[in-house]
Every structure is written in structure tokens, then in C-alpha cells.
Amino acid sequence: MSLPKIKTVRAYFAGGATADKAAAGGDYHDQGANHWIDDHVATPMSKYKQYEQSRQSFGINVLGTLIVEVEADNGQTGFAITTGGEMGCFIVEKHLNRFLEGRCVSDIKLIHDQMMNATLYYAGSGGLVMNTISCVDLALWDLFGKVTDLPVYKLLGGAVRDELQFYATGARPDLAQQMGFIGGKMAVQWGPHDGDEGIRKEVARIAHYRESCGPDFWLMLDCWMSQDVNFATKLAHACAPYNVKWLEECLPPQQFEGYAQLKQQAPQGMLITSGEHHGTLQSFRTLAETGIDILQPDVGWCGGLTTLVEVAALAKSRGQLVVPHGSSVYSHHAVFTFTNSPFSEFLMTSPDCSTLRPQFDPLLINEPVPVNGRMHKSVLDKPGFGVELNRDGLKRPYQH
Ligand SMILES: C[C@H](O)[C@H](O)[C@@H](O)[C@@H](O)C(=O)O
Ligand SMILES: [Mg+2]
């Protein structure tokens, strides 16, 4: 089978700080008003009163969505979206394009290695540049699937299970349970600056949902880098009587020693997890060595599908789980092929968690959502990642 070459790459953005209104999509924090995802979620900025109520107030949604489209010389195209916006467009069109154009559509790993090494001098181990590289990598996998007429999960070696089960992230674990999810993860709302009263408030909320959801429904807390080891340890022990399954991302990404300490100090049986804001295989190796239980890379932020596959193998070698941060079809295809990913995340993007809105709505056409908390592999049986791009309102700020 002679494969086409890559003719060009184009980068667009939607939403973000230069847009006149919230646009959601890949930057799913870029929501309108009165949305659970921006309602007093604890963050490292919460100690500053003016930034305590809303993450948008400190700029969580300034980047907006980056859309990368790769066109082959036979006219077929692949695309992907992530958090990255206009600045990501510059990196794609003015730097990364040189590693793609002229290459065979199957040269995904070579292109990935060159993008990672060529940006080392300004990328560090995560953030905008890693998001951008991830988006290019995902677009290349989508194109490869379109050209070979295969879904990405089959390109990766095929499914190890017929059905995937999901927990839901949102403000209403009770509604998630009614929708058939296996668990509900809530965003922590209080942090170290709130002291023991903050812990009491978190525990009261957990106690309420334990009461309404019964003894076995999974309840988790997502701490979004907002804590220190002492607060996280105290919160973990205070929540233990309510069978909280895991505490997630208690500390900033670089505090590897803190994660190791927290894992040691956490109650027996409670899982400690992190990873969504880590990038590069090397960072995940260091994170895995802290001994935490679940690695949670975001495939649109960690280095792409090429990196996610490597992280999953690393975790598997250590008996650790890899449960990617919610990233819709971009992680579903991978998770179906990982033996150490027994479940995955569905992130509620409806404002009150009462409906199953696709995570990257409105940018992905035919974006699937779990039915009764599950998804059969056949849902993904379309070429590439199986979604099409809604081009309304996209802007291409740079050409090359
Ligand atoms: C709910 C959390 O605060 C984040 O908004 C969420 O995107 C992420 O941490 C998650 O695990 O879903
Ligand atoms: Mg999280």
C-alpha cells in the first residue's frame, strides 16, 4: 500500500482571551456563566480572595482552543483539537510545520521525536508547547486512520475489551449515578487557606453524597493542584470514613517528593492520583516513581497519543493504572487498547450536570458520549478518531 505524503499543516483557533465570548470546545474551561466548572473550585490561586470564586477570573480560559489540520497530497485531511489557541497556531505554522511537510503520513514517531527535541529549548516538560505538540500528534494519527480507513484503536493494535466504563466528573455524583456512571468525581472547593473549616465543608459534601449514592458508588475528589501535603493528608483521613476512592492532583506537578510523601501518609486503601498537567514521558517516569496509584495524562497535553502509549506501558511495567484525564475520543481509542485502563473519565460540560453534553461541544461533529455510563468499541469504528470538525468561527492567524 503506497501511502501519501503530508502536503501541508494548518492551525486555527477558537475562543480564548481575544474572542468576544466563551467558545468551549477543546478549551472546555472556556464556558459561559453559571457553569459548575467555574463555581468556587479550589486552585493554587484561591488564597487570593479576588480569584477564589472563579477560575476564569485568573485566566484559566485565556488560551482557547487550538485546532491542527494536516492535509496529505492525496487531498485527505486529519485534525485534532486541544487547549492552546492562537499561541499554539504560531508554534505550529512557524516552527513545527517543517517536521511534517513532505513526510509520509506514517512517519508519526519520527515527527514526534523531532517536535519534542526541537522545542526542548523552550518547552520544558509541559504546558502550551506540549499541548501544541500533542495536537499535531493527534492530527497525524487521525490522518493516518483516514488514509488507512481504520479507527485509531485498531492502528494501536486493537481493543482488549468490548466495552469501556466511565466515571463522571462534575458537581452532582447523584445525577451521575442515575445516568449509569460507575462513580462521581467532584472538584474540591476549599484549600489550605480555609484551614480545618475547609476540610469540614468538604467532608460534609462527601457525607451528603455518600448518603444519597449508597455505600459502593465511587466518590472521588479532584484537588486541581490546590493543596500542600499536610492539608491533603488531613483531608484524606477525614474523608476515609466515607469510602472516598481517590484524591486527585492534590499538589502542583513538580512536587514529586510531596506526592511520594502523600502516598505514604494517605489512609490504607485510598488511592492517590495525578498527571493531567504533566507532560513528557520523563515526567511520568518521575511521577510513577513516587508510587502514586493512577497516572492521569491528558492526551491533548502530555505529548499526544505517541506519548500516552509510552506512559501506559511505563505504568503497566510498574503495576500502576493509567486513566487519562477526560479528553473524549482522543483518549477513548487509546484506553480501549490498554490492559491497565479498566475505566475512563467522562467530563460533564453541561452547566448543571443534568445532561450528557459532548466534552468538546461544539467543535466536534459526531462526538460520542457514554450511554448508561458505558461505550462499546463499535462506537469508535470509523476512520481516525471518527469525528469531523465544526469549522464555524475558526480563525487562522498565521500562514507559512
Ligand atoms: C474538575 C477539575 O477541577 C478540572 O476542571 C477538570 O478538568 C480535571 O481536573 C479533571 O480531572 O476532569
Ligand atoms: Mg483532574
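Residues numbered from 1 in each chain as written. Chains lettered and ligands numbered in written order. Predicted model: local features only at pLDDT ≥ 70, side-chain atom pairs only at ≥ 80, totals over all residues. Heavy atoms only, no water.

You'll find the protein entered in an unreviewed UniProt entry as L-rhamnonate dehydratase, with Pantoea endophytica given as the organism. Turning to the protein, the UniProt record has this under Catalytic activity (unreviewed entry): "L-rhamnonate = 2-dehydro-3-deoxy-L-rhamnonate + H2O". Per UniProt, the protein carries the Function (unreviewed entry) text "Catalyzes the dehydration of L-rhamnonate to 2-keto-3-deoxy-L-rhamnonate (KDR)." (UniProt positions renumbered as here; feature names shortened; annotations may be inferred.)

**Here's the deal with the pairing of strand 5 (residues 183-187)**
With five of five residues buried, strand 5 is to be regarded as a mostly interior element. Here strand 5 shows no split at all, with Gly-183, Lys-185 and Ala-187 on one side and Gly-184 and Met-186 on the other all buried. In terms of strand pairing, strand 4 (residues 163-169) meets strand 5 through two bridges, oriented parallel. What sits directly across from Thr-169, in strand 5, is Lys-185. (Buried < 20%, exposed > 50% of the residue type's maximum accessible area, 1.4 Å probe, protein only. Helix = DSSP H or I, 4+ residues; strand = E, 2+ residues; numbered from the N terminus. Pairing = 2+ DSSP bridges.)

**Points about the coordination of the magnesium ion (ligand 2)**
Only Asp-222 (OD), Glu-248 (OE) and Glu-276 (OE) from the protein coordinate the magnesium ion (ligand 2), and they sit 2.0 to 2.1 Å from it. Each donor residue of the magnesium ion (ligand 2) belongs to the same chain, and together they define the spacing D-x25-E-x27-E. Residue Glu-248 is found in strand 7 (residues 244-248), and its partner Glu-276 is found in the loop between strand 8 (271-274) and helix 10 (281-288); the two are separated by 28 residues along the sequence. Across this residue pair, the class does not change: Glu-248 and Glu-276 are buried. (Donors = N, O, S within 2.8 Å, 3.2 Å for Na, K, Ca; no water.)

**Digging into the UniProt feature "active site" (unreviewed entry) in the protein**
UniProt feature "active site" (unreviewed entry): in the numbering of this structure it lies at His-325. Following the sequence through the fold, His-325 ends up in the loop between strand 10 (321-322) and helix 12 (329-335). Residue His-325 is classed as buried on the basis of its relative accessible area, which comes to 4%. Setting aside its immediate chain neighbours within four residues, His-325 contacts Tyr-28, Glu-276, Gln-296, Pro-297, Asp-298, Trp-301, Ser-331, Glu-345 and Leu-347. (Contact = heavy atoms within 4.5 Å.)

**Structural notes on the pattern of salt bridges**
As enumerated under the stated definition, the model contains 20 salt bridges in all. We note a salt bridge from Glu-71 to Arg-10, for which the minimum N-O separation is 2.8 Å. With Glu-71 in strand 2 (residues 65-72) and Arg-10 in strand 1 (residues 6-14), the pair connects residues that are 61 residues apart, well separated along the chain. Taken individually, Glu-71 and Arg-10 each receive the classification buried, so the pair is uniform in this respect. (Salt bridge = Lys/Arg side-chain N within 4 Å of Asp/Glu carboxyl O.)

**Examining the site of ligand 1**
Neighbouring residues of ligand 1: 16 residues in total, closest Tyr-28, His-29, Lys-185, Asp-222 and Glu-345. One of the side-chain nitrogen or oxygen atoms of Arg-55 is found 2.8 Å away from an oxygen atom of ligand 1. Separating an oxygen atom of ligand 1 from a side-chain N or O atom of Glu-345 is a distance of 2.5 Å. Starting from 320 Å² of accessible surface for ligand 1 in isolation, the protein chains cover 100%. In this structure the site holding ligand 1 corresponds to the largest cavity. Broken down by secondary-structure element, the contributors of at least two residues to the shell around ligand 1 are strand 5 and strand 11 (344-347). Taken together, the residues of the shell around ligand 1 sort by class into seven nonpolar, three polar and six charged. (Near = heavy atom within 4 Å. Polar contact = N/O pair within 3.5 Å; in protein donor to acceptor, adjacent residues only side chain to side chain. Areas by Shrake-Rupley, 256 points an atom, 1.4 Å probe, with all protein chains shown as cover. 1 Å grid on protein atoms, 1.4 Å probe; cavity = no way out; pocket = protein on both sides within 12 Å on 5 of 7 lines; lining within 4 Å. Sits in = over half its atoms within 2 Å of the grid points. Nonpolar A, V, L, I, M, F, W, Y, C, P; charged D, E, K, R; others polar.)

**What about the packing of helix 10 against helix 11 (residues 305-317)?**
Each pair of packed helices can be summarised by the angle the axes make with each other and by the distance between the axes. Packing of helix 10 against helix 11 brings their axes to within 10 Å, and their N-to-C directions diverge by 25°. One element, helix 10, and the other, helix 11, form an angle in the roughly parallel class. Judged by the sense of rotation from one axis to the other, the crossing of helix 10 with helix 11 is right-handed. On the side of helix 10, the interface is formed by Leu-281, Phe-284, Arg-285 and Ala-288, while helix 11 contributes Thr-307, Glu-310, Val-311 and Leu-314. Among the residues forming the contact of helix 10 with helix 11, the class breakdown is five nonpolar, one polar and two charged. (Axes fitted to C-alpha atoms, helices over the stretch in contact; angles between N-to-C directions. Parallel < 35°, antiparallel > 145°, perpendicular 65-115°, else oblique. Left-handed = near helix turned anticlockwise from the far one by under 90°.)

**Thoughts on the layout of surface pockets**
Counted as a void, the largest pocket has a volume near 480 Å³. Around the largest pocket, the lining comprises 23 residues; the ones closest to its centre are Gly-127, Leu-128, Asn-131, His-277 and Trp-301. (Points joined across faces, edges and corners; volume = space filled by probe spheres on them.)

**Observations concerning the state of the cysteines**
Here is the idea: a disulfide is a covalent bond, and it sits between the sulfur atoms of two cysteines. For the structure shown, the criterion picks out zero disulfides. In this structure Cys-239 is a free cysteine whose sulfur lies 8.5 Å from that of Cys-223, the closest cysteine sulfur available. With no disulfide of its own, Cys-353 lies 13 Å from the sulfur of Cys-213, the closest cysteine sulfur. (Disulfide = S-S within 2.5 Å.)

**A few points about the environment of His-35**
Its place among the elements puts His-35 in the loop between strand 1 and strand 2. Contacts of His-35, omitting those with residues within four sequence positions, involve Met-348, Thr-349, Ser-350, Pro-351 and Arg-357.

**With respect to helix 4 (residues 128-148)**
For helix 4, built from 21 residues, the straight-helix expectation of 30 Å at 1.5 Å per residue is met to within 8% by its first-to-last C-alpha distance of 30 Å. Of all 21 residues in helix 4, 20 are buried; the element is thus mostly enclosed. Just downstream of helix 4, Asp-149 is the residue with a positive phi angle, here 60°. (Expected span 1.5 Å × (residues − 1).)

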